[in-house]
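# Working through the structure, step by step
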Amino acid sequence: MMKMVRLMILLALFLTACSTDSITQNGPTDIPANAIEIPFIFSPEKEKWLTERFAAFQATNPKVNGKPIVVKGTQMSSGAARTEIRQGTVKPVVWSPSASAWLEVLKQEGGNQNVALSNRPLVLTPVVISMWRPMAEALGWPNKPIGWSDLLALINDDQGWGKFGHPEWGRFTWGHTDPEISTTALSTVLAEFYAATKKSRGLTVADVQAPESQQYLRQLGQGIKHYGYNTLVFSDNMKKYGMSYISAFPVEEITLIEFNKGGPATPLVAIYPREGTFWHDNPFIMMADASAEQQQAAEQLYTFLLNDESQKAAMTFGFRPASSSVAPASPLTAEFGVDINQPETLLQFPPGDVLVAAKNAWAANRKRANIVLVVDTSGSMQGDKIEQAKAGLDLFISRLLPEDRVALITFSNTAETVVPLGELTQNRTQLQGAVQNINVRGKTAMYDGLLLARQQLEEDVDSGDRINAIVLLSDGLDTAETSTFADIQREFNETDIAIFPIAYGEDADPVSLKEIADFTHTIVIQGSTGDINKVFENLSRYF
Amino acid sequence: MRLVRTAIPIGYMVVVLGTALFALLTGSRPYAPFSVLPAPAAITLPVVYSTEQEAWLNAAVAAFEASGSSVKGAPIDVVLQGRDAQAARRSIADGSLQPAVWIPSSTAATELLRTDLEARGEQPLIATSGVDVPRSIVQSPIVVIMWEDRAAALQASGKNVWRLLHDANVQVEGWATYGHPQWGFFKWGHTPPNAADDGLLSQLLMAQEVRGGDAPLQVADVTGEAFRTWQRELETGATVVAGSGVLVNDMLIFGPSRFDTAVTYENLAIQFLPDAVRRGRRLQILYPPLNTMSDHPFVVLQGDWVSDEQRAAARVFRDFLLSQAQQQRAVEFGLRPAQAGIALDGAASPFMRNTAAGVRLDPGPLTALPGVDVLNALIDNGR
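This section reports on the structure supplied with the text. Just so you know, these numbers come straight off a predicted model, no measurement behind them. (Residues numbered from 1 in each chain as written. Chains lettered and ligands numbered in written order. Predicted model: local features only at pLDDT ≥ 70, side-chain atom pairs only at ≥ 80, totals over all residues. Heavy atoms only, no water.)

## Some remarks on the overall build of chain B
When its secondary structure is counted, chain B shows 15 helices and 13 strands. The proportion of buried residues among the 383 residues of chain B is 52%. The long-range fraction of contacts in chain B, counting pairs at least 24 apart against all pairs at least 6 apart in sequence, stands at 75%. For chain B, the exposed surface amounts to about 15,900 Å²; the carbon and sulfur share of it is 56%. (Helix = DSSP H or I, 4+ residues; strand = E, 2+ residues; numbered from the N terminus. Buried < 20%, exposed > 50% of the residue type's maximum accessible area, 1.4 Å probe, protein only. Contact = heavy atoms within 4.5 Å. Areas by Shrake-Rupley, 256 points an atom, 1.4 Å probe, with all protein chains shown as cover.)

## Here's the deal with helix α13 (residues 324-332) of chain B
Residue and element names in this part refer to chain B. Residues Gln-326, Gln-327, Ala-330 and Val-331 constitute the buried set of α13. Buried residues of α13 fall within an arc of 155 degrees about the axis and therefore sit on the same side. In α13, the exposed positions angled more than 90 degrees off the buried face are occupied by Gln-324 and Ala-325. Check the buried side of α13 and you find it contacts α2 (54-66), β6 (138-147), α12 (308-321), β13 (336-337) and α14 (350-353). Looking one or two places after α13, you find Gly-334, whose phi comes out positive at around 85 degrees. (Arc of directions from axis to C-beta.)

## Digging into the environment of B:Ala269
Residue and element names in this part refer to chain B. Along the chain, Ala-269 turns up in helix α11 (residues 266-278). Along the primary structure Ala-269 and Val-359 are separated by 90 residues, whereas in three dimensions their C-alpha atoms are 9.2 Å apart. Residues contacting Ala-269, with those up to four places away along its chain left out, are Val-143, Ile-145, Thr-264 and Ile-285.

## A closer look at the sheet that holds strand β3 (residues 74-82) of chain B
All names here are of chain B. With mixed pairing, 6 strands are arranged side by side in an open sheet as β2-β3-β1-β4-β12-β5. This sheet does not close on itself; its edge strands, each paired only once, are β2 (70-71) and β5 (135-136). Set on the sheet, α12 makes contact with β1 (43-49), β2, β3, β4 (101-103), β5 and β12 (297-300); between it and β1 the angle comes to about 60 degrees. (Pairing = 2+ DSSP bridges. Axes fitted to C-alpha atoms, helices over the stretch in contact; angles between N-to-C directions.)

## Details of the packing of helix α9 (residues 211-221) of chain A against helix α14 (residues 352-365) of chain A
Residues and elements named next belong to chain A. The geometry of α9 relative to α14 is characterised by a closest axis approach of 10 Å and an angle of 55 degrees between their N-to-C directions. When the axis of α9 is compared with that of α14, the two are oblique. Every pair of crossing elements has a handedness; the one defined by α9 and α14 is right-handed. Along the contact surface, α9 presents Gln-214, Leu-217 and Arg-218, while α14 presents Ala-361, Trp-362 and Asn-365. Classifying every residue of the contact of α9 with α14 by side-chain character gives 3 nonpolar, 2 polar and 1 charged. (Parallel < 35°, antiparallel > 145°, perpendicular 65-115°, else oblique. Left-handed = near helix turned anticlockwise from the far one by under 90°. Nonpolar A, V, L, I, M, F, W, Y, C, P; charged D, E, K, R; others polar.)

## Considering the packing of aromatic side chains
Any aromatic ring pair is given by two values, namely how distant the centres are and how the planes are angled relative to each other. Residue and element names in this part refer to chain A. For the structure on display, the rule yields 29 aromatic pairs over all chains. Between Tyr-227 and Trp-362 the ring centres are 5.4 Å apart and the planes differ by 90 degrees, which places this aromatic pair in the edge-to-face class. Of the two residues, Tyr-227 sits in strand β8 (residues 224-228) while Trp-362 sits in helix α14, which places them 135 residues apart along the sequence. Pair check on accessibility: Tyr-227 and Trp-362 agree, each one buried. Measuring from ring centre to ring centre gives 6.1 Å for Phe-396 and Phe-543, while their planes differ by 85 degrees; the resulting arrangement is edge-to-face. Taken as a pair, Phe-396 in helix α15 (residues 384-399) and Phe-543 in the segment after α20 (532-540) lie far apart in primary sequence, 147 residues in all. Using a relative accessible area of 0% as the deciding quantity, one classes Phe-396 as buried. With a relative accessible area of 0%, Phe-543 lands in the buried category. (Phe/Tyr/Trp six-rings, centres within 6.5 Å; stacked < 30°, edge-to-face > 60°.)

## Overview of the pattern of salt bridges
Counted according to the given criterion, the structure contains 47 salt bridges over all chains. Ionic pairing is found between A:Glu491 and A:Arg490, a salt bridge with its closest N-O pair at 3.8 Å. By relative accessible area, which is 33% here, A:Glu491 ends up partly exposed. Ionic pairing is found between B:Arg150 and B:Asp149, a salt bridge with its closest N-O pair at 3.2 Å. Its relative accessible area of 34% is what places B:Asp149 among the partly exposed residues. One salt-bridge network, in which partners are shared between bridges, spans A:Arg82, A:Arg86, A:Glu109, A:Glu180 and A:Lys359. (Salt bridge = Lys/Arg side-chain N within 4 Å of Asp/Glu carboxyl O.)

## So, the environment of A:Met131
All names here are of chain A. Mapped onto the fold, Met-131 is located in strand β6 (residues 123-132). The exposure class assigned to Met-131 is buried, which follows from its relative accessible area of 0%. In the structure, Met-131 is positioned 179 residues away from Ser-310 in sequence and 30 Å away in space, judged by C-alpha atoms.

## Quick notes on helix α12 (residues 292-306) of chain A
For α12(A), built from 15 residues, the straight-helix expectation of 21 Å at 1.5 Å per residue is met to within 8% by its first-to-last C-alpha distance of 21 Å. Within the sequence span of α12(A), burial applies to A:Gln294, A:Ala297, A:Ala298, A:Leu301, A:Tyr302, A:Phe304, A:Leu305 and A:Leu306. (Expected span 1.5 Å × (residues − 1).)

## Observations concerning the sheet that holds strand β5 (residues 116-121) of chain A
Residue and element names in this part refer to chain A. The 6 strands lie next to each other as β2-β3-β1-β4-β12-β5, forming an open sheet whose pairing is mixed. The open sheet has two edge strands with one neighbour each: β2 (63-64) and β5. Two strands pair when backbone bridges link them, and β5 and strand β12 (residues 283-287) are joined in this way by 5 bridges, in the antiparallel orientation. Bridge assignment links Asn-119 to a residue of β12, and that residue is Ile-285. The strands touched by helix α2 (residues 47-58) are β1 (36-42) and β3 (67-75); relative to β3, the strand with the most contacts, the crossing angle is about 170 degrees. In the packing of α12 onto the sheet, contacts are made with β1, β2, β3, β4 (94-96), β5 and β12, and the angle to β1 comes to roughly 55 degrees.

## With respect to the side chain of B:Arg318
All names here are of chain B. Within the secondary structure, Arg-318 sits in helix α12. Within polar-contact distance, the side chain of Arg-318 engages the backbone oxygen of Val-131 at 2.9 Å. In contact with Arg-318, not counting residues within four places along its chain, are Val-131, Asp-132, Val-133, Arg-135 and Phe-298. (Polar contact = N/O pair within 3.5 Å; in protein donor to acceptor, adjacent residues only side chain to side chain.)

Laid out in structure tokens, this is it:
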């Protein structure tokens, strides 16, 4: 009898264990040994939606062959994910970049056409040109279709917005992210090449490499205020500085909705380029390495993410649903700058070799820059701080184009031009040597350094041919007190020079650096000895 | 024998008491021991079907399970797996897919499988006589769906739908030729002929249009320069989408920016009409001048992996699908019944509700399937 009781207890324990073995929503520490794991890499704009949906999926205790399914989500930008997948440093079962374009890039760059088993859209968003509503209206929006050719004409027109009765808005300016990492930028570059060739399909490598196409790209580039790491940089600055910052920038429709949800004084509206645009289809890509059970598990997840509840949840974030049974609703409305009946036409998605050629052509033709590196060499920078900064500066210089012009100015008790402005083809070695020879001592004549930089940039200021920028690395207040912020305001007023201050270290003075950033409509970038290399790498994508 | 007689009650008691204890510990519903005798194990019936039937089959399987259908008291557990017909055909032929039942879109797929296996001297999987001879369970012709405004712009010429598609594709200026430059170039979608029957059958119908007449096609008709040129021209604006249901879903979610038109089954077109309206747009359904009926044969595969119980269960399931109730239900999903005496023109019929969208009771003249050599040539063309 005792034997029977023990048996019953064991059985009860076993059954109880069976009923709880699929609890996975408590995080990775609770993953059962027999779990089928689904490593899932997705692009950042889907993070809020997917994090919530993954939790909801786990709450259903999903199983395959009696084994619990555990989804392990990782957010990673599309371009970075494709690089890591190619290198084998990450191995997702499911990959969801912003657009299928990245799968084509991965296939092309990795030389493997069979890297994925399937590719289906999860949620959608078109690429649009976001523009301040009054500016769009001045161009004829919403009654007149507007396209890239209209923007090029405006960039080339010396009257700028004056041609449309608004000289107070100055020249047309726009922002552009890096197609090496940004899906929106990749789509934008393709759209620019299509506009250059007046084609809407069949873009070829020869089209991309044609001198006329590259000239078109350079002309559009004349209106670029500066490049950026991602679209967030621009939307943040547009929130902060309003219409005086830039006139427009290409974004995904969801970014525009997010901006308008914040209730800005002046809203943005979506311009769906009349030449056509691209959809970002946020694909659910099943990778070829997935086991049979992982494939079954991923299928369950896909079905869950496509159900009406999941798709409606995605819509609240501004995505368009990928299930035909879910009708578009708010915020996909005019109230948030959206026209649900657009886009009317698309540009044909080119094959992988054209994508890679376009990316390379952009890198070779992006707007050149004049950059003055203004580096704090006061006593407080000594030790590891200056050594790490030297490494970061070296990386920054190495990432610039040969035709970019760069100068190096240091400041301590006084400011000194160490290497005058010159093309990197001529002075790269000199700059790198000068950076390594930097010594630290004395006070912080930061404003003097900026005024000296202003002189270096004198030649090209406001020509529009180049981005004019100063990268200011400092860890403290101006203690030399030989010039003031008022001097900076006077000397830089109404120039197109952007100053990017890097507040280096915990004791950096955020107030004076923020004053400078606000004045030139940029942002203060926080840096420390631990991440200054990354800061410089990201900053190099602005030029 | 004694051992068996003793062991069974003890084992049974362990399970019953164990379950009762579990119920006590977990607070679940009280268990009523000894009130139920062990039921015969369910017969699992794996069914591979082409995806355009999905909505109807899901509903039919739910009704089938609710009906309590069984074989010698054993309940039947139908496990559905959607797979495009030609893709399934290849997997069945190479042994990587082994369902008990296969319901492709068309006899084209079963004929290709039969001749494939014959050519390789392998076991025939499709019965040619007896109770398991494939039977059509529902039917659906091929149609072209087009956004209403696009259809209005194109149809002014009065040409048949294949000519409309071809003409629109070859216009260098795209929709500007038709007075709508804002619509860009002409874009249409189809499924791959080597994977899905609607992709294959639409190619067949286009070849028939190019060749002319209604006599069965010959290999030379589809490999000749006239049709190959037509195909190349038509493909300039084409997007190939794997999965018949996926294609129509994509057409709706992306709207006319990606697909002005698509070739699909009539039943899928009918099913998606309300979704299009909910999205603020209307679709028109256009019928080719000569059509072919996808007959959806119910195939009980004669493979050695299919047990006698599964064969018996398959027949029960097939008869259920052919019942008047399920045939009538199929009509609600836009499918045409395979059984006589089922009305298409009832008040609730989607065929009657959607005449304004171009749905017709009469699909027009039909052509017979050509020989397998022609089908294979069409598949090769599409590679």
